[in-house]
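A closer look at the structure
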Amino acid sequence: MMGLIEEWQALSGPARMVTTVASSWLFFFLSSLVVDKTSLVKCPAKGQEWVWKNRCISCWHAVIISSMTLYSFWSCFDEYWKEYMIMLVYHSFMMQLTLATSIGYFLHDLTDNLVYTFNGSLEGIAVLAHHIVAIVMFGVFTWMDYYCCFIMLSIATEINSVFLHMRKLLQLAGYKISDRVYIVNNVANVATFLV
């Protein structure tokens, strides 16, 4: 009897992608409910509950995707760097999983923004446009199994996003710029931005 991962890998490309995107959306939706409805991660700033929930889920996504991205590059390091042109066509199981997981997150965040915060402002439209472009671009190239390495390079910015989201969470939690945890996070933020 095949395990769950083997069964998932045995699916055709489109079926595997749709299954992963749907599972990812459900995972982030349920994570959002946990943050929103339980006392596990309560918002310390009154009136900022949605921002807190959204940043917690965004940070969680950044941690997961950063880990998957680093593993993707590590697992194919020798083959990946043989020549530049391989970046056009090279793709791996882990790259497809990472990109499809991100699509599920972007779909969740898009619907969450539409339901809770969209007011037609320029900022709101920019956030929606960002999500739609990411969903379409990640989706097209993951579906085609083409340019996955380039897309993975762009998603590597999620490593820096962990610290950006943490900074906002620390601010909402009442930490001051002079607090040690805030300083360490800012150093990590700058370091990952420069790398």
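Further up the page is the structure itself.
Attention in this report is confined to the structure presented alongside it. All values reported here derive from a predicted model rather than from experimental measurement. (Residues numbered from 1 in each chain as written. Predicted model: local features only at pLDDT ≥ 70, side-chain atom pairs only at ≥ 80, totals over all residues. Heavy atoms only, no water.)

**Some thoughts on the nonpolar core**
- Membership of the largest hydrophobic core comes to 37 residues, with the highest contact counts inside it found for Trp52, Met95, Leu99 and Phe138.
- Put simply, the parts of the chain that give this core at least two residues each are α2 (13–37), α3 (49–75), α6 (93–116), α7 (122–144), α8 (148–155) and α9 (158–172).
- If near-sequence neighbours (up to four positions away) are discounted, Leu99 is found in contact with Phe138, Thr142, Cys148, Ile151, Met152 and Ile155. (Core = buried A, V, L, I, M, F, W, Y, C linked by side-chain atoms within 4.5 Å. Buried < 20%, exposed > 50% of the residue type's maximum accessible area, 1.4 Å probe, protein only. Helix = DSSP H or I, 4+ residues; strand = E, 2+ residues; numbered from the N terminus. Contact = heavy atoms within 4.5 Å.)

**Concerning α8**
- Buried within α8 are the following residues: Cys148, Cys149, Ile151, Met152 and Ile155. Buried residues in α8, looked at end-on, bunch into an arc of 160 degrees, giving them a common side. (Arc of directions from axis to C-beta.)

**Some details on the pattern of salt bridges**
- As enumerated under the stated definition, the model contains two salt bridges in all.
- In this structure, Asp36 engages Lys37 in a salt bridge whose closest nitrogen and oxygen atoms are separated by 3.6 Å.
- You can call Lys37 exposed: its relative accessible area is 62%.
- Among the salt bridges present, the one from Lys53 reaches Asp112, with a minimum N-O distance of 3.2 Å. Placement of the pair is Lys53 in helix α3 and Asp112 in helix α6, with a sequence separation of 59 residues. In this structure, Lys53 and Asp112 share a single accessibility class: buried. (Salt bridge = Lys/Arg side-chain N within 4 Å of Asp/Glu carboxyl O.)

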